[in-house]
Amino acid sequence: MISTSQHPNLSTHPAVEVRGLSHRYPVGNKTVAALQGVNLTVNDGEFVAVVGPSGCGKTTLLSIIAGLLPPTDGQVSVLGGDTGSARRSQELGLVTQDPGLLPWLDVASNVRLTLDITGHVDAADERVNELLERVGISHFARYYPGQLSGGMRQRVALARALVHHPRLLLMDEPFGALDEISREEMRFELLKVWEQERTSVVFVTHSIREAVLLADRVVVINGQPGRVTDVVEIDLERPRSESMEEGPRYQSLLADVKGLLVSGNDPSDSLSAVPEDRT
Ligand code: ADP
Ligand code: MG
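Criteria and thresholds
- Residues numbered from 1 in each chain as written.
- Chains lettered and ligands numbered in written order.
- Predicted model: local features only at pLDDT ≥ 70, side-chain atom pairs only at ≥ 80, totals over all residues.
- Heavy atoms only, no water.
- Core = buried A, V, L, I, M, F, W, Y, C linked by side-chain atoms within 4.5 Å.
- Buried < 20%, exposed > 50% of the residue type's maximum accessible area, 1.4 Å probe, protein only.
- Domains from an automatic or database assignment.
- Contact = heavy atoms within 4.5 Å.
- Near = heavy atom within 4 Å.
- Polar contact = N/O pair within 3.5 Å; in protein donor to acceptor, adjacent residues only side chain to side chain.
- Areas by Shrake-Rupley, 256 points an atom, 1.4 Å probe, with all protein chains shown as cover.
- Helix = DSSP H or I, 4+ residues; strand = E, 2+ residues; numbered from the N terminus.
- Phe/Tyr/Trp six-rings, centres within 6.5 Å; stacked < 30°, edge-to-face > 60°.
- Lys NZ or Arg CZ within 6 Å of the ring centre and 35° of its normal.
- Pairing = 2+ DSSP bridges.
- Axes fitted to C-alpha atoms, helices over the stretch in contact; angles between N-to-C directions.

Some details on the nonpolar core
Here is step 1: Within the largest apolar cluster, 54 residues are counted, with the highest numbers of intra-cluster contacts made by Phe47, Leu132, Val212, Val218 and Val257.
Here is step 2: Of the residues that make up this core, three or more belong to each of domain 1 (1-91 + 167-269) and domain 2 (100-165).
Here is step 3: Non-local contacts of Leu132, meaning those with residues more than four positions away in its chain, are made with Val107, Ala108, Val111, Ile137, Ser138, Ala141 and Ala159.
Here is step 4: Core analysis: the second largest hydrophobic core is formed by 27 residues, Leu40, Val42, Ile65 and Leu168 among them.

Written out as structure tokens, the structure reads:
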């Protein structure tokens with residue numbers, strides 16, 4: 001089991017601290033309540049998964065933590081400061097479902113782009129090579145995004161998010177668009193990378209299996225507006241392995257989390273929410 005207390009860069013601050021967070025989107029002359037009274041702490045070095053049915057406010061929460069969306073109400077602190085300064089000092093890495101690579105740049109150039117833009121060119125090649133190796137695409141450094149599979153493009157997006165050694169990695173359904181085989185592969189690649197890079201992670205997913213397999217803690221959000229209804233400690237050993245998924249402890253945690261989701265009887269493992277009347 002990897003203990004966060006062994007992390008060499010141990011900080012006295014939690015990676016994320018969210019208090020009394022609510023968010024409403026303006027729509028015409030009305031507002032849509034997306035989140036209500038959310039509290040969340042992510043400890044330094046911790047891997048936290050956020051699960052909930054679609055429309056419960058997961059992306060809203062991640063966007064607020066990333067400093068991309070100012071919340072209507074509540075406090076957010078990231079790495080002990082405000083989220084804007086964490087973003088400006090490149091302590092945040094963001095990976096979404098869409099890899100968003102520049103099609104006219106090859107893999108290596110996509111990964112090193114922000115190093116070039118910010119003038120961090122010393123040792124850039126080494127860092128890029130190290131990351132391409134780490135995410136398993138070093139042979140594809142000179143390929144263009146259009147020549148890669150969806151899974152490979154997501155590996156590039158992950159390498160790009162890590163290039164600045166972020167202390168907090170925010171991931172919004174990063175494997176959501178992948179086929180099941182690539183998705184399974186990427187889960188273990190991500191864990192390997194996390195164990196080597198030791199960043200804190202907030203991983204949003206609607207897959208309960210993914211959440212339980214990856215995380216130290218699973219935060220369950222339900223409803224519209226979304227509220228944190230439960231937090232489940234995942235006491236599976238690390239490193240996690242495929243064989244664990246067959247084990248009784250994994251199965252029992254999976255059943256626990258499933259039972260905590262309001263639409264948790266969806267047999268496909270992907271939750272779909274019944275949209276509520278917002279008027
Ligand atoms: P999730 O990521 O869990 O699927 P979102 O955070 O995307 O949920 O959305 C939460 C709620 O906020 C939903 O009801 C959604 O329709 C609404 N919403 C999200 N983005 C906007 C927006 N830009 N304008 C208006 N409503 C939005
Ligand atoms: Mg979303």
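A closer look at the site of ligand 1
Here is step 1: In the region of ligand 1, 13 residues are neighbours, and Gly55, Gly57, Lys58, Thr59 and Thr60 sit closest.
Here is step 2: Note that an oxygen atom of ligand 1 is positioned 3.3 Å from one of the backbone N or O atoms of Cys56.
Here is step 3: The separation between an oxygen atom of ligand 1 and a polar main-chain atom of Gly57 is 3.1 Å.
Here is step 4: Notes on ligand 1: free accessible area 560 Å², of which the protein chains cover 69%.
Here is step 5: Breaking the shell around ligand 1 down by element, the ones donating at least two residues are β1 (16-27) and α1 (58-65).

Some details on the packing of aromatic side chains
Working definition: an aromatic ring pair is given by the centre-to-centre distance plus the angle between the planes.
Here is step 1: Scanning the entire structure with this criterion turns up four aromatic pairs.
Here is step 2: Between the aromatic rings of Phe47 and Phe203, the centroid separation amounts to 5.9 Å while the plane-to-plane angle is 40 degrees, which identifies the pairing as tilted. Of this pair, Phe47 sits in strand β3 (residues 47-51) while Phe203 sits in strand β7 (residues 200-205); the two residues are 156 residues apart in sequence, bridging distant segments of the chain.
Here is step 3: Phe47 sits in the buried class, given a relative accessible area of 0%.
Here is step 4: An aromatic cluster is built from Phe47, Phe175, Trp194 and Phe203, whose rings are joined through pairwise contacts.
Here is step 5: The ring of Trp194 is capped by Arg198, whose NZ or CZ atom sits 4.8 Å from the centre of that ring.

Focus: the sheet that holds strand β2 (residues 30-42)
Here is step 1: Across the sheet, three strands lie side by side as β2-β1-β4; this open sheet has antiparallel pairing. For this open sheet the edge positions go to β2 and β4 (73-78), each flanked by a neighbour on one side alone. Averaged over all pairs of adjacent strands, the angle between strand axes in this sheet comes to 30 degrees, irrespective of strand direction.
Here is step 2: Pairing of β1 with β4, which is carried by five bridges, proceeds in the antiparallel orientation. Bridging across to β4, Glu17 finds its partner in Ser77.

Some remarks on the pairing of β3
Here is step 1: Counting buried positions along β3 yields five of five residues, so the element is predominantly enclosed.
Here is step 2: Across the two faces of β3 the burial is the same, with Phe47, Ala49 and Val51 and Val48 and Val50 all buried.
Here is step 3: Relative to β7, β3 runs parallel, the two being bridged by five bridges. The partner of Phe47 across the bridge, within β7, is Val201.
Here is step 4: Looking at chain direction, β3 and strand β8 (residues 217-222) are connected through four bridges and run parallel.

Here's the deal with unusual backbone geometry
Here is step 1: Looking along the chain, the bond that leaves Gln224 and enters Pro225 is cis, with omega of 5 degrees.
Here is step 2: Tracing the chain through its elements places Pro225 in the loop between β8 and β9 (227-233).
Here is step 3: With an omega of 0 degrees, the peptide bond running from Arg238 to Pro239 counts as cis.
Here is step 4: Along the chain, the position of Pro239 falls in the loop between β9 and α8 (248-260).
Here is step 5: A positive phi angle, close to 50 degrees, is found at Arg198, a residue other than glycine.
Here is step 6: In this fold, Arg198 is placed in the loop between α6 (180-197) and β7.
Here is step 7: Given a relative accessible area of 15%, Arg198 falls into the buried group.

Geometry only, nothing functional implied.
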